[in-house]
Amino acid sequence: MHLQTMYMHRLMRPRKQPRKTLRSDARALVEACAGCNLRLAARRVTVFLEQELRDAGLSVAQLGLMARIAAAADDTLGALAHRTGLDQSTLSRNLRTLEAQGLVEIAMVETDLRRRMVWLTETGARRLEAALPLWRRAQARLAERISPGLAGRLACESELLTTG
């Protein structure tokens, strides 16, 4: 009887909560933070794609920027900045690198000298076209490891964060 009473007494005692520490809080943040986890995933995907595309002579960022330029009807820097999610200064820095390589051309809009527009040069269009088969192969290999539509869904759904 005494043993049974001791056993019941132990079960009825409230369990101690794990001690809250900076380490446990930090671990919870690392496991749950969308921003931290998406940045980690983006870095890993970027490293993978950079390795796959090294023969194209373009970084993933350059390839994506050139593709956005080629795909859009609106060639102003403001519209491109909006489509890429980059601020004007970051976009301008990236474009200057492409311009120095002769891959894009940047010019003032004749009717409004405050606005600039950008387009691929012939060399840029050829470079983008040559990179596409490498990109397709890289995408196929990536799809073997990660759900193919996941990145697109994240990009679309995250747009809601910018619209307020």
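Nothing here was measured: the structure is a model prediction, and the numbers come from that model.

(A) Quick peek at a nonpolar patch on the surface. Together, L38, I146, L150 and L154 give the surface a local cluster of nonpolar side chains, amounting to about 300 Å² of exposed area. Judged by relative accessible area, L38 falls into the partly exposed class, the value being 44%.

(B) Here's a closer look at the packing of helix α4 (residues 60–71) against helix α5 (residues 77–84). Two elements in contact, α4 and α5, have axes separated by 11 Å at closest approach and are oriented at 125°. With respect to each other, α4 and α5 are oriented oblique. Our pair here, α4 against α5, has a crossing hand that is right-handed. For the pair α4 and α5, the contacting residues are L65, R68 and I69 in the first and L80, R83 and T84 in the second. Taken together, the residues of the contact of α4 with α5 sort by class into 3 nonpolar, 1 polar and 2 charged.

(C) Broad picture of the nonpolar core. One finds I69, L95 and V118 to be the most contacted residues of the largest nonpolar core, which totals 25 residues. Contributions of two or more residues to this core are made by α3 (34–52), α4, α5, α6 (88–100), β1 (104–109), β2 (112–120) and α7 (122–143). Among the elements that take part in this core, α7 stands out by supplying 5 residues, more than any other. I69 has contacts with L80, L95, V104, V118, W119 and L120, leaving out every residue within four places of it along the chain.

(D) Representation of the environment of Q62 within the structure. Here Q62 shows up in helix α4. A residue is classified by how much of its surface remains accessible, and Q62, at 16% relative accessible area, is buried. Separated by 32 residues in the primary sequence, Q62 and N94 have C-alpha atoms spaced 7.6 Å apart.

(E) Molecular detail of the packing of helix α2 (residues 22–32) against α3. At a minimum axis distance of 6 Å, the contact between α2 and α3 shows a crossing angle of 60°. Comparing the axis directions of α2 and α3 gives the class oblique. Within the contact between the two elements, α2 uses L29, V30, E31 and A32 and α3 uses A34, C36 and N37. Among the residues forming the contact of α2 with α3, the class breakdown is 5 nonpolar, 1 polar and 1 charged.

(F) Fine view of the pattern of salt bridges. Scanning all chains against the criterion turns up 3 salt bridges. Across the pair R137 and E52 runs a salt bridge whose closest N-O atoms are separated by 4.0 Å. One end of the pair, R137, is in helix α7; the other, E52, is in helix α3, and 85 residues separate them in sequence. Note that R141 and E52 form a salt bridge whose closest N and O atoms lie 2.5 Å from each other. Residue R141 is located in helix α7, and its partner E52 is located in helix α3; the two are separated by 89 residues in the primary sequence. Salt bridges linked by common partners bring E52, R137 and R141 together as one network.

(G) Structural view of the confidence of the model for the chain. Taken over all residues, the pLDDT of the chain has a mean of 87, while the share at 70 or more is 88%. Mean pLDDT values over the elements of the chain span from 56, in helix α1 (residues 2–12), up to 96, in α7.

(H) Just the environment of E52, in detail. Using a relative accessible area of 11% as the deciding quantity, one classes E52 as buried. Sequence-wise, E52 and L134 are 82 residues apart; in three dimensions their C-alpha atoms are separated by 7.2 Å. Not counting residues up to four positions away in its chain, the partners in contact with E52 are R137, A138 and R141. Side-chain polar atoms of E52 contact the side chain of R141, separated by 2.5 Å.

What counts, and at which threshold
Residues numbered from 1 in each chain as written. Predicted model: local features only at pLDDT ≥ 70, side-chain atom pairs only at ≥ 80, totals over all residues. Heavy atoms only, no water. Patch = residues over 30% accessible without salt bridge, like charges linked within 9 Å, V, L, I, M, F, W, Y side chains within 5 Å. Areas by Shrake-Rupley, 256 points an atom, 1.4 Å probe, with all protein chains shown as cover. Salt bridge = Lys/Arg side-chain N within 4 Å of Asp/Glu carboxyl O. Buried < 20%, exposed > 50% of the residue type's maximum accessible area, 1.4 Å probe, protein only. Axes fitted to C-alpha atoms, helices over the stretch in contact; angles between N-to-C directions. Helix = DSSP H or I, 4+ residues; strand = E, 2+ residues; numbered from the N terminus. Parallel < 35°, antiparallel > 145°, perpendicular 65-115°, else oblique. Left-handed = near helix turned anticlockwise from the far one by under 90°. Contact = heavy atoms within 4.5 Å. Nonpolar A, V, L, I, M, F, W, Y, C, P; charged D, E, K, R; others polar. Core = buried A, V, L, I, M, F, W, Y, C linked by side-chain atoms within 4.5 Å. pLDDT = per-residue confidence, 0-100. Polar contact = N/O pair within 3.5 Å; in protein donor to acceptor, adjacent residues only side chain to side chain.

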